[in-house]
Amino acid sequence: MGFGAGDIKDKFRTYDGDADKRLRKKLEKSGKFDESFKTPVRIEKINVEVMGRWVSERLAELLGFEDDVLSELVMNMLAQTRDAKTGQDKRVDPQQLQVQLTGFLNKQAQPFVAELWKLLLDAQDSPHGIPRAFVERKKKELVARREGGERDRGGFSKRDDGRGDDKRGDRRARSRSR
């Protein structure tokens, strides 16, 4: 029993690049691409590690579980800044990213990619490649932690908590007493 060409084609679905193109045209017509997509992002100016953590956390929120494979897919798509065939630099395409993620996130792909793209635009303009919103949130956390910590310690700083447990000083005192 052999398989004919038609039998194999019927049994196995192959990747159809035209399906992505059709979906992209459909999304363009319906205005489902964010306006911020028109502004290019220079990924080399962005702290990719920080953005990778955000991508993982945000995808976990949207999906209800952690999906390392999807997080890596997004980060790999952002990191592909060279064309494999020609070796030339290429732009990260947010529309293509949205099309690729639609299969995983469905209707959540558009708001996710729009939010990601706005953060990337902000990050490329900041000095350390981190979105300003992340920096401000971290500052607030540190201030809240510092204020909470001072109340717990009764006003003593972390270095001088009133217990006098400086290990070097204790060792010196012990060695002198011997």
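Structural data are supplied above this passage.
The residue numbers shown here count from 1 along each chain, following its written sequence. For a predicted model such as this one, the threshold for reporting local features is a pLDDT of at least 70, and the threshold for listing and counting side-chain atom pairs is 80 or more; totals across whole chains, interfaces and linings nevertheless cover every residue. To obtain the side-chain values, all non-hydrogen atoms of the structure were included, while hydrogens and water were left out.

Quick look at unusual backbone geometry now. Non-glycine residue Asn 106 carries a positive phi angle of around 55°. We count a stretch as a helix when DSSP gives it H or I for four or more residues in a row; a strand needs E for two or more, and each element gets its number in order from the N terminus. Within the secondary structure, Asn 106 sits in the loop between helix 5 (94-105) and helix 6 (109-125). By relative accessible area, Asn 106 is classed as exposed at 53%. Working definition: with a 1.4 Å probe on protein chains only, accessible area under 20% of the residue-type maximum means buried, over 50% means exposed, and in between means partly exposed.

A few words on the pattern of salt bridges. One side-chain nitrogen of Lys or Arg within 4 Å of one carboxyl oxygen of Asp or Glu is enough to make a salt bridge. This model, assessed by the stated rule, comprises 8 salt bridges. Lys 38 is the partner of Glu 35 in a salt bridge, and the nearest nitrogen-oxygen pair spans 3.0 Å. Taken individually, Glu 35 and Lys 38 each receive the classification exposed, so the pair is uniform in this respect. Across the pair Glu 44 and Arg 42 runs a salt bridge whose closest N-O atoms are separated by 2.6 Å. Using a relative accessible area of 46% as the deciding quantity, one classes Arg 42 as partly exposed. Connected through shared salt-bridge partners, Arg 58, Glu 61 and Glu 115 make up one network.

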